[in-house]
Amino acid sequence: MSSYEAVTGAPIAVPHAPRPVKRSLSTRWISVLTLVTLIAVWWAVTAGGWIEPLFLPPPSAVLQKGWLLATAGYMDSTLWQHLGASLSRIGLGLGFAILTAVPVGIAIGHNRIARGIFDPLIEFYRPIPPLAYLPLIVIWCGIGELSKVLLIYLAIFAPIAIATATGVRTVDPAKVRAAQSLGATRWQLIRHVILPSALPDILTGVRIGLGVGWSTLVAAELIAATSGLGFMVQSAAQFLVTDVVVLGILVIAIIAFAMEMGLRALQRKLVPWHGQAH
Amino acid sequence: MALLSLERISAQYPGAAEPVLSDISVSLGPQQLLVALGPSGSGKTSLLNLIAGFVEPSGGRITLDGAPVQGPSAERGVVFQDDVLLPWQDVLANVAFGLELAGVPRNKREDRAREMLALVDLSGFESRRVWELSGGQKQRVGLARALAADPRVLLMDEPFGALDAFTREQMQELLLQVCRRTDKPVFLITHDIEEAVFLATDLILLAPNPGRIVERLTLDFGQRYNAGESARSIKSDPRFIETREHVLERVFSQRGAAQRQERA
């Protein structure tokens, strides 16, 4: 799960980070160079005929297939329709997860009784790989859209709820007292102080949740679906259409990357005070 | 006539052997600036927390206008030592926060907030982000925010403790000017003796173990400043120095007594 690494490993970009004066090659350029090299090697080994196209088609073939898929489609749907199916599932799962996990997280962080109820439940199901309980969900809810959205929902719910609870628990008590002495009621306190204070943590939870949710979704589509990127890759593999498989994997990776970057940008925009001394 | 009155207040943390505060009686009326001065452990912060309603006394009565104090309320505005502004809002919204909580319409509360910012000399800072401000500016915003909600009394918890010496002097003078213009009764706690003597109309000296009042003084140096005398001339006045040394001696004699007690 790459998003875990991204969250813990890579430093969150701070707008005013001091820039080292002298640096021959920036980190970004090293990354770009690595990518270019990788594609060049891919092209070289396929163009040189060292690897059969059945095992690894050349980049040009994958691109061509991409164009074909985007216009004509594969397995009754175009690439866009597969992509749309996957994105709408994760969008629904994420939407429901945010709507429910944030209140639950606030309750856990704020209220002893809620913590007693939800903490063990979340800690119990969270370590179970979603694919392990997918069969049970299929037995209960069939193989329709509901099962897949529910599966993603469950995968995203835990990280958001836990991150929200952490954020609520680490709210500066002096800020709470200050608001109380300005006459804040319990609800005003949550709305004006606790929720915005916890927002950076909530967004981190969403980032982690989206990473987990995306991997879960694609895996779920491999098993039980008639559309979606996971399904596209799986059915192409059955017919040894390797270029579609490679293309599918690339699209899955690019979407995950785009979501991560989008959320980081959102984080910078929504919580510009995060990391500032205040 | 007293607006805020504390009658025989005591406070004890659960499980602690000795009370934090014992038998504190003090009152605060209009145009008074009551300063509680004491070393750490003398219970000054506990005293402020009791008045603010953050904690409850274990004995005694606190009343505001005759009504017992229960829990925090906008009637008792608090200025804290640390910066407790909301970083997701700009300066103007921070100052208007208390009025927003009270449901005052935007136009009205922003007008009032602008007025308060002018009072603390921060006009032109309305749309600044909180983290762009210096320590002294943040404390001014904190003061403006507490005043904007129009509290009956203003409680200040070592408001200038975290500032450098130069800024602290400026802030002391600003506070006196604000007091003169708003007529708000102020209860301020500090461990800075010079600050206490300069600001207070009424000074209570607290000693630890348990926190209790060991001396009460009525002073007029702040009023002299507001009458036009310069802060430097007041602070170098022999009478000021004498008072300061007297208070200092009282603090040390208390501490010496406590140490002798421990050794015995």
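Calculation criteria
Residues numbered from 1 in each chain as written. Chains lettered and ligands numbered in written order. Predicted model: local features only at pLDDT ≥ 70, side-chain atom pairs only at ≥ 80, totals over all residues. Helix = DSSP H or I, 4+ residues; strand = E, 2+ residues; numbered from the N terminus. Rg over C-alpha atoms; globule rule 2.2 N^0.38 Å. Buried ≥ 20, exposed ≤ 12 C-beta atoms within 10 Å, placed from the backbone. Contact = placed C-beta atoms within 7 Å. Pairing = 2+ DSSP bridges. Core = buried A, V, L, I, M, F, W, Y, C linked by C-beta atoms within 7 Å. Domains from an automatic or database assignment. Nonpolar A, V, L, I, M, F, W, Y, C, P; charged D, E, K, R; others polar. Axes fitted to C-alpha atoms, helices over the stretch in contact; angles between N-to-C directions.

Side note on the overall build of chain B
- Summing up its helical and strand segments, chain B has ten helices and ten strands in all.
- Since a compact globule built from 264 residues should have a radius of gyration of about 18 Å, the 19 Å found for chain B is in line with a globular shape.
- C-alpha extents for chain B along the principal axes are approximately 65 × 45 × 35 Å.
- Sorting the 264 residues of chain B into buried and exposed places 45% on the buried side.
- Taking contacts inside chain B between residues at least 6 apart in sequence as the whole, the part at least 24 apart equals 70%.

Thoughts on the pairing of strand β4 (residues 59–64) of chain B
Residue and element names in this part refer to chain B.
- Two strands pair when backbone bridges link them, and strand β1 (residues 4–11) and β4 are joined in this way by five bridges, in the antiparallel orientation. In the sheet register, S10 faces β4, and the bridge partner there is G59.
- Two elements, β4 and strand β5 (residues 67–68), share two bridges in a ladder whose sense is antiparallel. Looking at the pairing, T63 lines up with P68 of β5.

Considering the nonpolar core
- Core analysis: the largest hydrophobic core is formed by 138 residues, its most contacted members being I156 and I160 of chain A together with V35, I51, V95 and A144 of chain B.
- Composition of this core by domain shows at least three residues from each of domain 1 (4–75 + 167–263) and domain 2 (83–150) of chain B.
- Here V35 of chain B is in contact with L188, T190, A196, L199, A200 and L203 of chain B, once residues within four sequence places are set aside.

Regarding the domain arrangement of chain B
All names here are of chain B.
- Split by domain assignment, chain B resolves into domain 1 (4–75 + 167–263) and domain 2 (83–150).
- Centre-to-centre separation of domain 1 and domain 2, based on C-alpha positions: 26 Å.
- With eight residues of domain 1 in contact, the opposing surface of domain 2 contributes eleven residues.
- Of the residues contributing to the side of domain 1 that touches domain 2, the split by class is four nonpolar, three polar and one charged.

Digging into the sheet that holds β4 of chain B
Residues and elements named next belong to chain B.
- An order of β2-β1-β4-β5 is seen for the four strands of this open sheet, with the pairing classed as antiparallel. Edge positions in the open sheet fall to β2 (21–28) and β5, since each of these has one partner strand only.
- On the sheet, helix α1 (residues 44–52) packs against β1, β2 and β4 and is oriented at approximately 125 degrees with respect to β1.

Some remarks on unusual backbone geometry
Residue and element names in this part refer to chain B.
- The step from N209 to P210 runs through a cis peptide bond, and the omega angle for that step is -10 degrees.
- Inspection of the secondary structure assignment puts P210 in the loop between β9 (202–207) and β10 (212–218).
- At D150, a residue that is not glycine, the phi angle is positive and equals roughly 50 degrees.
- Tracing the backbone shows D150 in the loop between α5 (135–148) and β7 (153–157).

What to know about the interface of chain A and chain B
- The interface is formed by 16 residues belonging to chain A together with 22 residues belonging to chain B.
- Contributing elements (two or more residues each) for the side of chain A that touches chain B: α8 (173–180) and α9 (186–223) of chain A.
- When grouped by side-chain class, the residues that make up the side of chain A that touches chain B number seven nonpolar, six polar and three charged.

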